[in-house]
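# Fold and geometry: a report
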Amino acid sequence: KLRSIGSTEEYSFEERHHALITARKFIVYCVHLGDSKHEYSDFIIPLLPLSFESVNVTMDDSSEEGASAANRVLEAEVVKGYRYTLAEVSSSCVISYGLNADMTRVLGTVDKMSSNNNWQVRQAAIHFLRCFQGSHKFLFSPKQTESATNIVAELLSDERREVSSAAMAALTGILAATPLSSVSELVQKYVKIANKSKIKRKKKKDTSNQTESSSKTSGKEKERARQQQTSVFFLCASVLARPYDTPSYVPEALTAISKHSFEKNAPLAVRETVKMCCGEFKRTHMSDNWAVHRKQFTQEQLEDLEDVVSTPHYYA
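Small disclaimer: the values here were computed from a predicted structure and weren't measured.

### Points about helix H5 (residues 100-113)
- With 14 residues, H5 ought to run about 20 Å at 1.5 Å a step, and its terminal C-alpha atoms sit 21 Å apart, in line with that.
- Buried residues of H5: Asp102, Met103, Val106, Leu107, Thr109, Val110 and Met113, and no others. The buried residues of H5 occupy one face: seen down the axis, they fall within an arc of 160 degrees.

Okay, here's the thing in structure tokens:
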């Protein structure tokens, strides 16, 4: 009954949102005052999809119900309440008293919500996963860690900047808790993708078959752009995950993303992320202990890094 509140058309706007408030209070009760060993599995996990879908803002200036200020306030209260509740559930320790399968069920729900059509739901799923993984990383099995990494990696190329930025932040935390050997293997994989996904200059072709090949070209371009953003954001997250040391894979990752800092090779969003990442690396590494960190770099890798972090000369 509670799970169908958000999608049913049987009730009015006010009745539906008041019912959502009641459902949220029930979830809060289960987290703080209930029998944590059983209620997380029996009640909280089944209500997670409802919680995620409740953060979606449905009213805008063009909606018929938009004229009612009371409805706007009511929906804003529901959205704010469920965001707070999701944060509580994600960081709650009560799941550790249950079965290990409960974590897999939660990850399955987050995976489903990460493909929701509404970007606010996808963003909420990423924020939830970031807190959930950070609070339970020592209880995660290798398979669950891999599942969480895959969920986040899929959203690195999301069309909404809010979602892709949240995904990169979540991935940074996951990689910080992942063994260096596993991260190194992933970096090797995404370095190859990044090197192949730079924007290529279009060659002049005969216009006679232009209409036939335009659809194929657009499809290939979308896939290239998706791979570029995913790989570059992943490599940036791998660098940001190690703010105080320089593992062997960091120079290679920095070299790969430095190629995407130029206008001819990448769109604006990717270039800005690369410059932010390299600037943060400069702030945390290129200071007192830079003599130690630079030993991990070759001369060519140092030059590639300098191309991004150095300030252009006034007369250049």
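Structure shown, so let's carry the discussion forward.
### A short note on the nonpolar core
- With 80 residues, the main nonpolar core has Phe52, Val106, Phe128, Phe132, Leu235, Leu254 and Ile257 as its most contacted residues.
- Looking at this core element by element, the count peaks at eight residues for helix H8 (residues 161-176).
- Excluding residues that lie within four positions of it along the chain, leucine 235 makes contacts with Val187, Tyr190, Val191, Ala194, Ala253, Ala256 and Ile257.

### Quick look at the pattern of salt bridges
- Scanning the entire structure with this criterion turns up nine salt bridges.
- In this structure, glutamate 162 engages arginine 160 in a salt bridge whose closest nitrogen and oxygen atoms are separated by 3.1 Å.
- With a relative accessible area of 32%, glutamate 162 lands in the partly exposed category.
- For arginine 160, a relative accessible area of 31% gives the class partly exposed.
- With its nearest N and O atoms 2.8 Å apart, the salt bridge here joins glutamate 223 to arginine 226. Of the two residues, glutamate 223 and arginine 226 are both situated in helix H10 (residues 210-240); the distance of three residues between them amounts to about one turn of the helix.
- Looking at glutamate 223, the relative accessible area reads 33%, which means it is partly exposed.

### Digging into the layout of surface pockets
- Empty space within the second largest pocket amounts to approximately 500 Å³.
- Lining the second largest pocket are 25 residues, with Thr145, Glu146, Thr149, Asn150 and Leu186 positioned closest to its centre.
- At the level of elements, helix H7 (142-154), helix H9 (180-196) and H10 are the ones that each hand at least two residues to the lining of the second largest pocket.
- At seven residues, H7 tops the list of elements feeding residues into the lining of the second largest pocket.
- Across the lining of the second largest pocket, the residue classes tally to eleven nonpolar, eight polar and six charged.

What counts as what
- Residues numbered from 1 in each chain as written.
- Predicted model: local features only at pLDDT ≥ 70, side-chain atom pairs only at ≥ 80, totals over all residues.
- Heavy atoms only, no water.
- Helix = DSSP H or I, 4+ residues; strand = E, 2+ residues; numbered from the N terminus.
- Expected span 1.5 Å × (residues − 1).
- Buried < 20%, exposed > 50% of the residue type's maximum accessible area, 1.4 Å probe, protein only.
- Arc of directions from axis to C-beta.
- Core = buried A, V, L, I, M, F, W, Y, C linked by side-chain atoms within 4.5 Å.
- Contact = heavy atoms within 4.5 Å.
- Salt bridge = Lys/Arg side-chain N within 4 Å of Asp/Glu carboxyl O.
- 1 Å grid on protein atoms, 1.4 Å probe; cavity = no way out; pocket = protein on both sides within 12 Å on 5 of 7 lines; lining within 4 Å.
- Points joined across faces, edges and corners; volume = space filled by probe spheres on them.
- Nonpolar A, V, L, I, M, F, W, Y, C, P; charged D, E, K, R; others polar.

Remember, this is a structural readout, not a statement about activity or role.
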